[in-house]
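In case you want the letters, here they are:
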Amino acid sequence: IIPAHRIDNPVSGLVCCGKTNKDAKRLSRRIQCRETIKTYLARVRIGTALDRLPLSIDAPLGFDNSKGICLVDPVRGKPSATTVLSVLVPKLNDGTCVVAVRPHTGRKHQLRKHLAHVGIPIVNDEKYNSSTGCDGSKR
C-alpha cells in the first residue's frame, strides 16, 4: 500500500492510499488536478450554525507562518469556501456531533479554521478550538 495524500495529522487526519505505485500516482494526480470531490467527516462542538444546513462558509484565509496558524483575512486572504452538508451523527453525550464537510478550495487548515470561525470547531483541535476536548477537559 502506497500513500497518495494526507490531511491534518494533528486532528486525527486521513491518509489515502493506492495498492500499487501506479494507483497511488493516479490518485495523487487526480487530487492535485481537482478531479475529485472530497467530503470529510468532522466531530464538532454543537453550535447555532448547524441550524441552517447546508451552510456555506465563504471567508478569505491567510496563513501566518511565524505562528503556524490560519487567519480569516478579508483584505489579504485568498478566497476560501467550505460547505457543511449535513449532520451525520446527532448530539452525542459530550455536546458534539459528526458533520459532513466539503471544501471547495484547498487552503492550509481551511476546514479547521472555517468551522471554528462559524462557532462549530473540531473537537480536540488545540489550534482552533479554545473550549474543551471530547472528554470535557479544559483546553
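Residues numbered from 1 in each chain as written. Predicted model: local features only at pLDDT ≥ 70, side-chain atom pairs only at ≥ 80, totals over all residues. Heavy atoms only, no water.

One pass over the structure, following the stated rule, counts five salt bridges. Residue Asp 73 is joined to Arg 76 by a salt bridge in which the shortest nitrogen-to-oxygen separation is 3.9 Å. Between Asp 125 and Arg 112 there is a salt bridge whose closest N-O contact spans 2.7 Å. One end of the pair, Asp 125, is in the segment after helix H2 (110-117); the other, Arg 112, is in helix H2, and 13 residues separate them in sequence. Each of the two residues, Asp 125 as well as Arg 112, counts as buried. (Salt bridge = Lys/Arg side-chain N within 4 Å of Asp/Glu carboxyl O. Helix = DSSP H or I, 4+ residues; strand = E, 2+ residues; numbered from the N terminus. Buried < 20%, exposed > 50% of the residue type's maximum accessible area, 1.4 Å probe, protein only.)

The grouping of Leu 41, Leu 88 and Val 89 at the surface amounts to a nonpolar patch, some 270 Å² of accessible area in total. On the secondary structure map, Leu 88 appears in strand E7 (residues 81-89). Taking relative accessible area as the criterion, Leu 88 reaches 45% and is therefore assigned partly exposed. (Patch = residues over 30% accessible without salt bridge, like charges linked within 9 Å, V, L, I, M, F, W, Y side chains within 5 Å. Areas by Shrake-Rupley, 256 points an atom, 1.4 Å probe, with all protein chains shown as cover.)

Turning our eyes to something else, we now look at the sheet that holds E7. Pairing within the open sheet is antiparallel, and its four strands lie in the order E3-E8-E7-E4. Strands at the two margins of the open sheet, each flanked by one partner only, are strand E3 (40-45) and strand E4 (55-58). With strand direction ignored, the average angle separating the axes of adjacent strands in the sheet is 35 degrees. Of the pairings in the sheet, the one linking E7 to strand E8 (residues 96-103) comprises six bridges and is antiparallel in character. (Pairing = 2+ DSSP bridges. Axes fitted to C-alpha atoms, helices over the stretch in contact; angles between N-to-C directions.)

Quick look at helix H1 (residues 21-32) now. Its 12 residues give H1 an end-to-end C-alpha distance of 16 Å, which sits within 8% of 16 Å, the value for a rise of 1.5 Å per residue. Listed in full, the buried residues belonging to H1 are Ala 24, Ser 28 and Ile 31. Seen end-on, H1 carries its buried residues on one side only, within an arc spanning 60 degrees. In H1, the exposed residues that point more than 90 degrees away from the buried face are Lys 22 and Lys 25. Note on H1: the residue one or two positions beyond its end, Arg 34, has a positive phi of about 55 degrees. (Expected span 1.5 Å × (residues − 1). Arc of directions from axis to C-beta.)

Taken as a whole, the second largest pocket encloses approximately 150 Å³ of empty space. Taken together, Leu 61, Gly 62, Phe 63, Asn 65, Cys 70, Lys 78, Arg 107 and Lys 108 make up the full set of residues lining the second largest pocket. For the lining of the second largest pocket, the leading source of residues is strand E5 (residues 61-64), giving three residues. A class-by-class count of the residues in the lining of the second largest pocket yields three nonpolar, two polar and three charged. (1 Å grid on protein atoms, 1.4 Å probe; cavity = no way out; pocket = protein on both sides within 12 Å on 5 of 7 lines; lining within 4 Å. Points joined across faces, edges and corners; volume = space filled by probe spheres on them. Nonpolar A, V, L, I, M, F, W, Y, C, P; charged D, E, K, R; others polar.)

So, on to the nonpolar core. Residues Ala 42, Val 44, Leu 50, Val 84, Val 99, Leu 115 and Ile 120 are the most contacted members of the largest nonpolar core, which totals 15 residues. Contributing elements (two or more residues each) for this core: E3, E4, E8 and H2. Residues in contact with Ile 120, not counting those within four places in the same chain, are Val 44, Arg 45, Ile 46, Gly 47, Ala 49, Leu 50, Val 84 and Leu 115. (Core = buried A, V, L, I, M, F, W, Y, C linked by side-chain atoms within 4.5 Å. Contact = heavy atoms within 4.5 Å.)

Chain-level statistics for the protein give a pLDDT mean of 88 and a share of 87% at 70 or above. Note on residues 132-139: pLDDT under 50 across the span, and 16 contacts to partners over four residues away in sequence or across chains. (pLDDT = per-residue confidence, 0-100.)

To continue, consider the pairing of E4. On E4, burial follows the alternation: Leu 55 and Ile 57 on one face are buried, whereas Ser 56 and Asp 58 on the facing-out side are not. Judged from the four bridges that link them, E4 and E7 form a sheet pairing that is antiparallel. Across the sheet, Ile 57 pairs through a bridge with Thr 82, a residue of E7.

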